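Analysis of the macromolecular model
So you can see what is in the structure, the chains are spelled out below.
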Amino acid sequence: MKFFNLVWRNVFRKKTRTVLTTGSIVLVLVLIVVLTCLLQAMEQDPSGNRGSNRLVVQHATGLANFLPLSQRQRIEQIPGVVAVSPQIWFGGVYRDDKPENFFGQLSCDPEIFFTKLFDDATIDPAIEKEFRATQNSFVAGQSLVNKFHWKKGEHIMLRGTYIPVTLDLVFVGAYRSGDESNAFFHNEYLNQAKWFGANRVTGIYYLKVADAADLPRVTSTIDKMFENSDAPTKTLTEKQFQASFMEMMGNIKGLIRWISLIILFAVTLIVANTVAMSARERVTEISVMRTLGFRPGHILGFILSEAVLMSLLGGLLGVVLAKYLFVPGMVKGMATTPMAPFLINFKVTGSVLLAAFLISVGVGVLAGFVPAIRSSRIRIVDGLRQVV
Amino acid sequence: MAEPLIAIEHVEKVYRRDALEIPVLNDVNLEILQGEFVSLMGPSGSGKTTLLNLIAGIDQPTRGRIVIGGKDIARIGQSELARWRSRTVGFIFQLYNLLPVLTAFENVELPLLLTPLKRAERRRHVETALKIVSLEDRMDHYPRQLSGGQEQRVAIARAIVSDPAILVADEPTGDLDAKSAEEILVLLNRLNAEFGKTIVMVTHDPKAAARAHRMVHLDKGVLHADEQTEAGAARKA
Ligand SMILES: Nc1ncnc2c1ncn2[C@@H]1O[C@H](COP(=O)(O)OP(=O)(O)OP(=O)(O)O)[C@@H](O)[C@H]1O
Ligand SMILES: [Mg+2]
């Protein structure tokens, strides 16, 4: 500990250089912490335990195909199934084509939707009642409402894309939940619009089973039931469904890991270069210290500690920025995007903090050990003559 | 006659550069008594620094013995040698060689960090050493805030702070103006007379060399004439 002062002073020997190097570590750590947390969030069930006994039935060939509404009754009759709501992803245009105006628009069966299915959402009973009673109404997640500043009674127009109708919906209120990126309206209202599939088909069935233990049985019963029909199904847990949604972005996880490794390697080289430069400038000083009786092990320890200290400082700053600035900022920024379901778990966890700490130490050690060993091996007389 | 503190016996030093062998010291014999002040002179490249480094234990001879205080330092291992150095020798360089990131106080404290001394004891030693070189009012200055002469005095404080028996100085006044050089020489004389330090000083300056008790000359690695100075004669008398 009595050597800390010496190490600390040497870290800040050339301030600009240290600030630049530390800055690069900060940026890399922010990036890695944010990406790791995002990955973790995407691997977790966004609605906690309650969502774990919900299923999504989609067409076996994918979301682009419709399912006949006749299937609803047969699914409802399967033992263990509590509630089933047909839903259509409307995908309409609100205001204009700009991506920031895009949000999830889903039809549902209002009679059961908030009471029996999406029961981890919180909604004022009066709003829920009004939603059920008003066929052209819609409710939306609080984040979405905040974004568009919808007021009760306000009308919005949604111009259909693959369903060629325009909806005129009236806002009744907001719900709160882990995913506040969607708006919900009545299946019946969409049917009134007399599009080609009205009263005939749906996009998916969203359903809940009484007990999570029933999930495998219900899943296979549904898929077997329609296996040889015109519309074979593929039943997924809510989590799988959301993950499959994300997969449309490609194998993003593997890519993120690779990019993280590469930038870590790059920053290690940057730190190594800084430490090596700083050690080279000090050949005489190091020899003087050796003359005073410091042994090669001391020198090795000092240079290595400098590298680790610099990298830990950068890491610490990076983690703080990620936790208090970037992650909260991104959560706000993505609240109304398709990433929204995952945001509830998008936070800097203890394990990420630990990983960031280990990464910082690792970068320091990797970057420091070659210059440290080299410095410790300088022969005193050569160092004093500055021939190395 | 008294046992010499430093006894150099048949010392040879050969440097190797690739396949080339460069003989630098050739059968050097020298005895230095406890409390003596010896100056080492000779042309550039004659091997003065090399001999000084051998005495200070930062290098070892190719052949021969260097017995200091009864211990042959030509034969001991590197880490033991390092420990021996920190206890026995104080080194003063031509270019002072203070660490620029540390204050005068911290520079002087540096050798003490290797001892088990507590913080408060270290402070006491450092303050004493800085007082001896009359720089107690510059403790918190960094080397760049000091003049060359002051830097060299801090370096001397660093050399004496652990109270070594021997001081070696390699052209300690070589980079200083006449006035500062004189101050340093007075200081060395005082350390020798008052504190009993045995001093070996390399110098090009005959006037500086005359401050010692004895002058020895090196030429092409061979030790020559050994002459007593007036100061030496006065001491004997
Ligand atoms: N570490 C070394 N490796 C190779 N050769 C060396 C080394 N140290 C000294 N020499 C050679 O040994 C010879 C004597 O060098 P030394 O530094 O002892 O001379 P010096 O008398 O101190 O000279 P100066 O007055 O210029 O300081 C020189 O020729 C030098 O090139
Ligand atoms: Mg020399």
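In this text the structure is predicted, and so the values were computed from the model without any measurement. (Residues numbered from 1 in each chain as written. Chains lettered and ligands numbered in written order. Predicted model: local features only at pLDDT ≥ 70, side-chain atom pairs only at ≥ 80, totals over all residues. Heavy atoms only, no water.)

Time to look at the environment of N199(A). Residue and element names in this part refer to chain A. For N199, the position within the fold is in the loop between α7 (187-192) and β11 (201-202). Between the alpha carbons of N199 and S70 there is a distance of 9.7 Å; along the sequence they are 129 residues apart. If near-sequence neighbours (up to four positions away) are discounted, N199 is found in contact with L69, E188 and N191. (Helix = DSSP H or I, 4+ residues; strand = E, 2+ residues; numbered from the N terminus. Contact = heavy atoms within 4.5 Å.)

With that settled, consider helix α10 (residues 252-280) of chain A. Residues and elements named next belong to chain A. Taking 1.5 Å as the rise per residue, α10 with 29 residues should run 42 Å; its terminal C-alpha atoms sit 42 Å apart, in good agreement. For α10, the full list of buried residues reads I256, S260, L264, V267, T268, V271, T274, V275, S278 and A279. Check the buried side of α10 and you find it contacts α2 (15-43), α11 (283-291), α12 (296-333) and α14 (350-376). (Expected span 1.5 Å × (residues − 1). Buried < 20%, exposed > 50% of the residue type's maximum accessible area, 1.4 Å probe, protein only.)

Residue and element names in this part refer to chain B. Across the sheet, four strands lie side by side as β2-β1-β4-β5; this open sheet has antiparallel pairing. The open sheet terminates on both sides in strands that have one partner only, identified here as β2 (20-33) and β5 (71-72). Lying over the sheet, helix α1 (residues 48-56) contacts β1 (4-17), β2 and β4 (63-68), oriented at roughly 125 degrees with respect to β1. (Pairing = 2+ DSSP bridges. Axes fitted to C-alpha atoms, helices over the stretch in contact; angles between N-to-C directions.)

Here we take up the domain arrangement of chain A. Where interface size is given, it is often the accessible area lost as the parts come together that is meant. Residue and element names in this part refer to chain A. When cut into domains, chain A gives domain 1 (4-46 + 250-385) and domain 2 (66-230). For domain 1 and domain 2, the distance between their C-alpha centres works out to 47 Å. Taken together, the contact pairs seven residues of domain 1 with nine residues of domain 2. The tally of links between domain 1 and domain 2 comes to zero salt bridges. Of the residues assigned to the side of domain 1 that touches domain 2, the class counts are five nonpolar, two polar and no charged. (Domains from an automatic or database assignment. Salt bridge = Lys/Arg side-chain N within 4 Å of Asp/Glu carboxyl O. Nonpolar A, V, L, I, M, F, W, Y, C, P; charged D, E, K, R; others polar.)

One pair of aromatic rings is described through two measures. These are the centre distance and the angle between the planes. Residue and element names in this part refer to chain A. This structure, assessed with the given rule, holds 32 aromatic pairs over all chains. Ring centres of F66 and W195 lie 5.6 Å apart, and the angle between their planes is 55 degrees; this geometry places the pair in the tilted category. Here W195 lies in the loop between α7 and β11 and F66 lies in the loop between β1 (54-59) and β2 (67-68), a separation of 129 residues in the sequence. For F66, a relative accessible area of 23% translates into the label partly exposed. Their ring planes at 75 degrees and their centres at 6.1 Å tell us that F114 and F131 sit as a pair that is edge-to-face. You can see F114 sitting in helix α4 (residues 113-117) and its partner F131 sitting in helix α5 (residues 125-133), a full 17 residues away along the chain. (Phe/Tyr/Trp six-rings, centres within 6.5 Å; stacked < 30°, edge-to-face > 60°.)

All names here are of chain A. All chains considered together, the criterion is met by 31 salt bridges over all chains. In this structure, R72 and E76 form a salt bridge, with 3.1 Å as the shortest nitrogen-oxygen distance. Highlighted residues: R72 and E76, both in helix α3 (residues 71-76), separated by four residues, approximately one helical turn. Here D382 makes a salt bridge to R379, at a shortest N to O gap of 3.3 Å.

Attention now moves to the side chain of R290(A). By the element assignment, R290(A) lies in helix α11. Excluding its chain neighbours within four sequence positions, the residues that come into contact with R290(A) are R295(A), P296(A), I299(A), S376(A), I378(A), I380(A) and R85(B).

So, about the interface of chain B and chain A. Counting from both sides, the interface comprises 26 residues of chain B and, opposite them, 24 residues of chain A. Overall, the association of chain B and chain A removes approximately 2,300 Å² of surface from exposure, summing both partners, and the carbon and sulfur fraction of that is 64%. Looking only at chain B, the three residues that lose the most surface to chain A are V101(B), L113(B) and L114(B), adding up to 24% of its buried area. Run the count over chain B and chain A and you get two salt bridges. D59(B) is paired through a salt bridge with R379(A); the nearest N and O atoms lie 3.7 Å apart. Partitioning the side of chain B that touches chain A into residue classes produces 13 nonpolar, six polar and seven charged. (Buried area = accessible area lost by both parts, 1.4 Å probe.)

If you look at the biggest cluster of nonpolar residues, it comprises 51 residues, and the most contacted ones within it are V33(A), M289(A), F294(A), F346(A) and L110(B). Of all the secondary-structure elements, those providing two or more residues to this core are α1 (4-11), α2, α10, α11, α12, α13 (340-343) and α14 of chain A. In terms of residue count, the dominant contributor to this core is α2(A) (twelve residues). Excluding residues within four positions of it along the chain, F294(A) makes contact with F3(A), M289(A), I299(A), F302(A), L110(B) and L114(B). (Core = buried A, V, L, I, M, F, W, Y, C linked by side-chain atoms within 4.5 Å.)

The next point concerns the site of ligand 1. The local shell around ligand 1 holds 15 residues, among which S44(B), G45(B), K48(B), T49(B) and T50(B) are the closest. Mapping the residues adjacent to ligand 1 onto the chains of the assembly identifies chains A and B. Measuring from an oxygen atom of ligand 1, one finds a side-chain N or O atom of T49(B) at 2.7 Å. Here an oxygen atom of ligand 1 and a side-chain polar atom of T50(B) are 2.5 Å apart. Of all the secondary structure elements, the ones that give two or more residues to the shell around ligand 1 are α15 (380-385) of chain A together with β1 and α1 of chain B. If you tally residues by element for the shell around ligand 1, the top one is α1(B), at three residues. Along the lines of polarity and charge, the residues of the shell around ligand 1 split into three nonpolar, seven polar and five charged. (Near = heavy atom within 4 Å. Polar contact = N/O pair within 3.5 Å; in protein donor to acceptor, adjacent residues only side chain to side chain.)

On to the side chain of N191(A). Tracing the backbone shows N191(A) in helix α7. Once residues within four sequence positions are removed from consideration, N191(A) is found in contact with A198(A) and N199(A).

On average, residues of chain B score 93 in pLDDT, and 98% of them reach the 70 mark or higher. Interface confidence for the predicted complex, expressed as ipTM, amounts to 0.94; the pTM equals 0.78. (pLDDT = per-residue confidence, 0-100.)

Our focus in this paragraph is the confidence of the model for chain A. Taken over all residues, the pLDDT of chain A has a mean of 89, while the share at 70 or more is 95%. Taking the mean pLDDT of every element in chain A, the minimum, 70, falls on helix α9 (residues 238-247) of chain A and the maximum, 96, on α11(A).

Time to look at the packing of α10(A) against α14(A). All names here are of chain A. Between α10 and α14, the shortest axis-to-axis distance is 9 Å and the interhelical angle comes to 35 degrees. Two packed elements cross with a definite hand, and for α10 against α14 that hand is right-handed. The residues of α14 that touch α10, namely those facing L264, V267, T268, V271, A272, V275, A276, A279 and R280, are I359, V363, L366, A367, G368, P371, R374 and S375. Split into classes, the residues belonging to the contact of α10 with α14 amount to twelve nonpolar, three polar and two charged. (Left-handed = near helix turned anticlockwise from the far one by under 90°.)

Okay, the sheet that holds β1(A) next. Residue and element names in this part refer to chain A. Across the sheet, four strands lie side by side as β3-β12-β1-β13; this open sheet has antiparallel pairing. Only two strands of the sheet have a single partner each, and these edge strands are β3 (81-87) and β13 (233-237). On average, adjacent strands in this sheet sit at an angle of 25 degrees to one another, irrespective of strand direction. In this sheet, β13 lies alongside β1 in antiparallel orientation, the contact comprising five bridges.

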